[in-house]
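Overview (structure and organization)
Given next are the chains, with one letter for each unit.
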Amino acid sequence: MKNKVMTFSLITILALSSVSAFASNDLDVALQSNLSYEQKVVQLVNVEREKNGLPALYLVNSISNVARAKSQDMADNNYFSHQSPTYGSAGDMLLRYGITWSAWGENIASGQSTPEKVVSAWMNSPSHRENILSRNFVFIGVGYATNSTGKAYWTQMFTRDEK
């Protein structure tokens with residue numbers, strides 16, 4: 001009987017380990033997908049800048065971390081605004097995360113399912129297009145998150161100085 005209990009315990013532990021590994025793999029795949037989406041947005045933005053004779057923006061992970069936090073904040077708290085009830089403005093948020101700047105800009109979007117769709121929407125909006133094509137910015141960070149229903153939230157943050 002003791003061996004049967006021990007065998008059952010071992011099988012249970014292995015089964016739980018497999019479930020845990022499966023859940024972890026799902027999370028890793030989702031995270032990788034989000035990062036790929038964010039990188040694709042930067043690539044598409046730089047194509048637009050190149051078409052307009054502008055230098056490419058440099059992707060900065062620390063700025064992406066802030067943009068990602070903003071997207072997640074909007075998804076978690078069910079709002080869509082440049083002014084976060086949690087963090088304030090994008091400029092405030094960047095400083096809170098230790099990123100200094102001499103100029104900053106922010107583009108947000110919600111509902112677009114792909115990087116191509118969100119960049120197209122931004123390029124068709126004069127104020128968002130102005131941020132993307134601004135000579136004032138050198139660095140970019142992009143964040144993508146979804147809420148519990150799968151609705152997408154996108155954030156681009158641009159800065160001039162990132163030290």
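Residues numbered from 1 in each chain as written. Predicted model: local features only at pLDDT ≥ 70, side-chain atom pairs only at ≥ 80, totals over all residues. Heavy atoms only, no water.

1. Some words on the overall build of the protein
The helix and strand tally for the protein stands at 5 helices and 4 strands. Mapped from its N terminus to its C terminus, the protein presents α and β elements in the order α-β-α-α-β-α-α-β-β. Per-residue burial for the protein yields a buried fraction of 40% across its 163 residues. Partitioning the intrachain contacts of the protein with sequence separation of at least 6 by distance along the chain shows that 66% fall at a separation of at least 24. With an accessible surface of roughly 9,300 Å², the protein has 56% of that area assigned to carbon and sulfur atoms. (Helix = DSSP H or I, 4+ residues; strand = E, 2+ residues; numbered from the N terminus. Buried < 20%, exposed > 50% of the residue type's maximum accessible area, 1.4 Å probe, protein only. Contact = heavy atoms within 4.5 Å. Areas by Shrake-Rupley, 256 points an atom, 1.4 Å probe, with all protein chains shown as cover.)

2. Topic: the packing of aromatic side chains
For any pair of aromatic rings, geometry is given as the distance between the ring centres together with the angle between the planes. Inspection of the entire model under this criterion finds 7 aromatic pairs. Where Tyr58 meets Phe139, the ring centres are 6.2 Å apart and the plane angle is 45°; that geometry is what we call tilted. Of this pair, Tyr58 sits in strand E1 (residues 58–59) while Phe139 is found in strand E3 (residues 139–146), placing the two residues 81 residues apart along the sequence. Given the relative accessible area of 18%, Phe139 is considered buried. Ring geometry for Tyr87 versus Tyr97: centroids 6.1 Å apart, planes at 55°, classification tilted. With a gap of 10 residues between them, Tyr87 in the loop between helix H2 (61–77) and helix H3 (90–96) and Tyr97 in the loop between H3 and strand E2 (104–110) connect regions that are remote in the sequence. Taken together, the ring pairs in this structure connect Tyr37, Tyr144 and Trp154 into an aromatic cluster. (Phe/Tyr/Trp six-rings, centres within 6.5 Å; stacked < 30°, edge-to-face > 60°.)

3. Here's the deal with the pattern of salt bridges
As a working rule, side chains carrying opposite charge can pair if their charged atoms are close by. By the definition in use, this model includes 3 salt bridges. Here Arg68 makes a salt bridge to Glu38, at a shortest N to O gap of 2.6 Å. You can see Arg68 sitting in helix H2 and its partner Glu38 sitting in helix H1 (residues 2–51), a full 30 residues away along the chain. Accessibility expressed as a relative area gives 3% for Glu38, which makes it buried. (Salt bridge = Lys/Arg side-chain N within 4 Å of Asp/Glu carboxyl O.)

4. What about the environment of Gly143?
Within the element layout of this structure, Gly143 appears in strand E3. Measuring from C-alpha to C-alpha, the distance between Gly143 and Ala67 comes to 4.5 Å, with 76 residues separating the pair along the chain.

5. Quick word on the pairing of strand E4 (residues 152–159)
Where burial is concerned, most of E4 is hidden: 8 out of the 8 residues are buried. The side-chain alternation of E4 yields two buried faces, one formed by Ala152, Trp154, Gln156 and Phe158 and the other by Tyr153, Thr155, Met157 and Thr159. Across 7 bridges, E2 lies against E4 in antiparallel orientation. In the strand pairing of E4, Gly105 is matched with Phe158. Two strands pair when backbone bridges link them, and E3 and E4 are joined in this way by 8 bridges, in the antiparallel orientation. By the bridge assignment for E4, Ile140 is matched with Phe158. (Pairing = 2+ DSSP bridges.)

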